[in-house]
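# Geometric and topological summary
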Amino acid sequence: MKSSAIAVSGLRKAYGDKVVLDGIDFDVASGSVFSLLGPNGAGKTTAVNVLATLLRADAGTVYVGGHDVATATREVRAVIGVTGQFAAVDELLSGRENLRMMADLQRVRDGGRMVAGLLERFDLVESADKLTSTYSGGMRRKLDLAMTLVGRPRIIFLDEPTTGLDPRSRRTMWEIVRELVAEGTTIFLTTQYLDEADQLADRIAVLDQGRLVAQGTPEELKRQVPGGHIRLQFNDVRQLDAAERRLALSTVTRDDEALALQIPSDGSIPALRAVLDVLEGSGIQAEALTMHTPDLDDVFLALTGRTDAEVIAQ
Amino acid sequence: MSSVSTSFGDSAIMLRRNFKHSVRNPVTLFNSVLFPVVMMVMFVYVLGGAFKIQGEYVDYALPGLLVMTISYGLGATAASVNDDMTKGIINRFKTMDVSRGAVLTGHVVSTTVRCLIGDAVIIGVGLAMGFRSDAGFLDWLGAVGILLLLSFGASWLTVALGLAAKSVESASFGVIPLIMLPFLSSAFVPADTMGTGVRQFAEYQPFTPIIETLRGLLSGGQPSTGHMIAAFAWCVGFAVVGYVWAVATFKKRA
């Protein structure tokens, strides 16, 4: 137990008849990044709320920082920081005032210096004294996270920290998360983006309709997901037929309407070269080629039985 | 650090936050200070002449305007409490172990102070418009006391409304009855000049005894004991119901 920052077993939560978390178990090692991956409504936020002492579980045990969230709420709150799905910043206060309020509430001794340091670190110095209602989405998220850091938490919960952010702000957030991990902080991250979990997490758990359908390192998960493919687009049926005959060695999917072929692929260069060599060797003209890497849809296609009907329909 | 001093310190931080909100939100300032003044000018200079009231109309209308100022001052609180609830600020405070009552007390105290500032402005402008009172020191003390009690009680009720509402819009909508009640009371015309149904409503609704008590005190006369008891009971009732409702909702929703 000692080395686990978070230990969850048999966690259940229901609202009335609606079961949101249906008995989930996982362990987060100290100093690692754990990502809970799932679509909207999978129960991610509910899980965060239970772990962060905002909601009581119906059943199961949850230890955060070695303390039981049900009985040692105060102790848990002393070691955690939470950045929720919506940037919970005070819009009628400036960035500096928001941070200062956090510092005051945590009784930080040298609050002014800490606030100045955080503004510097999060690149918010220029707008520090403007009301946060004028901030962009990315700035708000940064301020939100800075506010969470005021209490120097050992364990940080980030609930969809980059949803709705532009690509640049996303990268900034990712960098900040990496810095925190380098300092030894444990991060519990929820996301609906596979690439985000892939980029940041040491371990990923896939949540679907309240159950964990898979758990492992990003590599382990991706190996289970056969969604990657090369898509070839042709000008006419003759070329399509020829290509299908030539590439028949693998399980090729044919789309007559779009005049396209889908060849399963791991996305590696040798695999791509093999396909191109076949085309060139037989003089087949392809109109276009696109690479498709596995995304969350593919993960769910592979890990849950739910989309079987769609697979057959294809 | 003892938990009492923590809780006191947290409340002070919350109060500072809410004061900043009041001052920085133009709508709040307008509703709680400027709008009541506009209403007073309108009633006294435009409409008042048409009402058959003994004595100066400004003397008659001022107690009602004081109560109306309080109810207008509440709207912003319902919206801002709801904002805290729905935008995750309250959750943030909870995970930081900010003392349970501090968020609510901060709102209640800042609202009460804002309402009383609005009332002070009304009295000031009223004096400029010719309001004269024969009230002695104790009468004034009583009047301020009842205004304080009403602001405090209605603030708790409003905070509870704000916590319970699903959205900012419905929170703002929820305080409309409080804003409408003064018009259906003896605030601007005596209840016995109204139609039967409205008159009965006016006689039994909370603001009439409160206004009549204020009117009695400010005119230097003796308010009826019945009105005084009813006024006191309503204010305490608001506070108790609001407090219990607010704390229960806070526990359940946050």
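Just so it is clear, the model here is predicted, and its values are computed rather than measured.

Moving on: the overall build of chain B. A count of helical and extended segments in chain B gives eleven helices and zero strands. The secondary structure elements of chain B, listed N-terminal to C-terminal, are α-α-α-α-α-α-α-α-α-α-α. A compact globule built from 254 residues would reach a C-alpha radius of gyration of about 18 Å, and chain B, at 19 Å, matches this within 12%. Its C-alpha atoms give chain B principal-axis dimensions of roughly 60 × 40 × 35 Å. The proportion of buried residues among the 254 residues of chain B is 50%.

The next thing to look at is helix 10 (residues 207-218) of chain B. Residues and elements named next belong to chain B. Between its terminal C-alpha atoms helix 10 stretches 16 Å, which fits the 16 Å expected from twelve residues at 1.5 Å a residue. Counting buried residues in helix 10 gives twelve out of twelve residues, a clear majority hidden from the surface. If you check which residues of helix 10 are buried, you get Phe207, Thr208, Pro209, Ile210, Ile211, Glu212, Thr213, Leu214, Arg215, Gly216, Leu217 and Leu218. One or two steps after helix 10, the chain reaches Gly220, where phi turns positive at roughly 85 degrees.

All right, on to the sheet that holds strand 11 (residues 229-233) of chain A then. Residues and elements named next belong to chain A. The strand order across the open sheet built from four strands is 12-13-11-14, with neighbouring strands paired in antiparallel fashion. Two strands bound the open sheet, and with one partner strand each, they are strand 12 (253-255) and strand 14 (288-292). Neighbour-to-neighbour, the strand axes of this sheet turn through a mean angle of 20 degrees, independent of strand direction.

For chain B, per-residue confidence averages 88 on the pLDDT scale, and 98% of positions sit at 70 or higher. Under the prediction, the complex receives an ipTM of 0.83, its pTM being 0.80.

The rules behind the values
- Residues numbered from 1 in each chain as written.
- Chains lettered and ligands numbered in written order.
- Predicted model: local features only at pLDDT ≥ 70, side-chain atom pairs only at ≥ 80, totals over all residues.
- Helix = DSSP H or I, 4+ residues; strand = E, 2+ residues; numbered from the N terminus.
- Rg over C-alpha atoms; globule rule 2.2 N^0.38 Å.
- Buried ≥ 20, exposed ≤ 12 C-beta atoms within 10 Å, placed from the backbone.
- Expected span 1.5 Å × (residues − 1).
- Pairing = 2+ DSSP bridges.
- Axes fitted to C-alpha atoms, helices over the stretch in contact; angles between N-to-C directions.
- pLDDT = per-residue confidence, 0-100.

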